[in-house]
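Listed here are the chains, written in short residue letters.
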Amino acid sequence: PEPCPTPTGSTGKPEEDTCSPSAASGRDSALDEANRLALEGRLTEAEELFVTAMARGDNSRAYIQYGRFLQRTGRLSAAQGCFERALELRGADESLKAEALRNLGNVLGSTRGPSAAEEMYVAALAIETQLDNQDVVHAEIETLDKALIETTVGRVILNMNLPEEIPFINGLLK
């Protein structure tokens, strides 16, 4: 994969994830603003803010959110690098590791197919199970018509392991 773009001044080596409340507040607001700009279609400005947030040290969260931005803009190789970088950082809490694993699974599923994503989804599910936070475990997968849908990791694994002759369709229950 392409490495995640590294902020100026960063060594690119694993470093401590800084989580002080005052530092986190400033970084979170930069990330919130970057996401808002991205939703408005102001992609260059959004990307600059994501890179700024990474340089400020909100490493795992910033790398995950920047990776999601890169994924949405079709830069899957760089997104993969960001999610892998988020997993390398020391000090990231377990829920952020699970989030990075889910997102990495989403990218691998898009680039290599569902079987490549399974290991990441299972690892994320294991973390979320330990945290007793299973309701947030989900996956975004591409349908045949290239639309992204949100479903549970369990359904993805079920779909991958069902025999071809047994169709399974995710749908709304009425």
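Conventions adopted
Residues numbered from 1 in each chain as written. Predicted model: local features only at pLDDT ≥ 70, side-chain atom pairs only at ≥ 80, totals over all residues. Heavy atoms only, no water. Helix = DSSP H or I, 4+ residues; strand = E, 2+ residues; numbered from the N terminus. Buried < 20%, exposed > 50% of the residue type's maximum accessible area, 1.4 Å probe, protein only. Contact = heavy atoms within 4.5 Å. Areas by Shrake-Rupley, 256 points an atom, 1.4 Å probe, with all protein chains shown as cover. Polar contact = N/O pair within 3.5 Å; in protein donor to acceptor, adjacent residues only side chain to side chain. Salt bridge = Lys/Arg side-chain N within 4 Å of Asp/Glu carboxyl O.

Details of the overall build of the protein
- The secondary structure content of the protein amounts to seven helices and two strands.
- What you see in the protein, going N to C, is helices and strands ordered as α-α-α-α-α-α-β-β-α.
- Residues counted as buried form 36% of the 174 residues belonging to the protein.
- Of the contacts formed within the protein by residues at least 6 apart in sequence, a portion of 52% connects residues at least 24 apart.
- Summing over all exposed atoms, the protein offers an accessible surface of approximately 9,800 Å²; the carbon and sulfur share of this is 54%.

Side note on the side chain of N103
- Its place among the elements puts N103 in helix α5 (residues 94–112).
- Classification of N103 by relative accessible area gives buried; the value is 3%.
- A distance of 2.8 Å separates the side chain of N103 from the backbone oxygen of E99, its partner in a polar contact.
- In this structure N103 touches I64, R68, Q71 and F83, once residues within four positions along its chain are discounted.

Focus: the pattern of salt bridges
- Evaluated as defined, the whole model comprises eight salt bridges.
- The salt bridge involving E40 is made with R42; its shortest N-O contact spans 3.1 Å.
- Residue R42 is classed as partly exposed on the basis of its relative accessible area of 34%.
- Overlapping salt bridges, with partners in common, bring together E33, R36, E40, R42 and E45 in one network.

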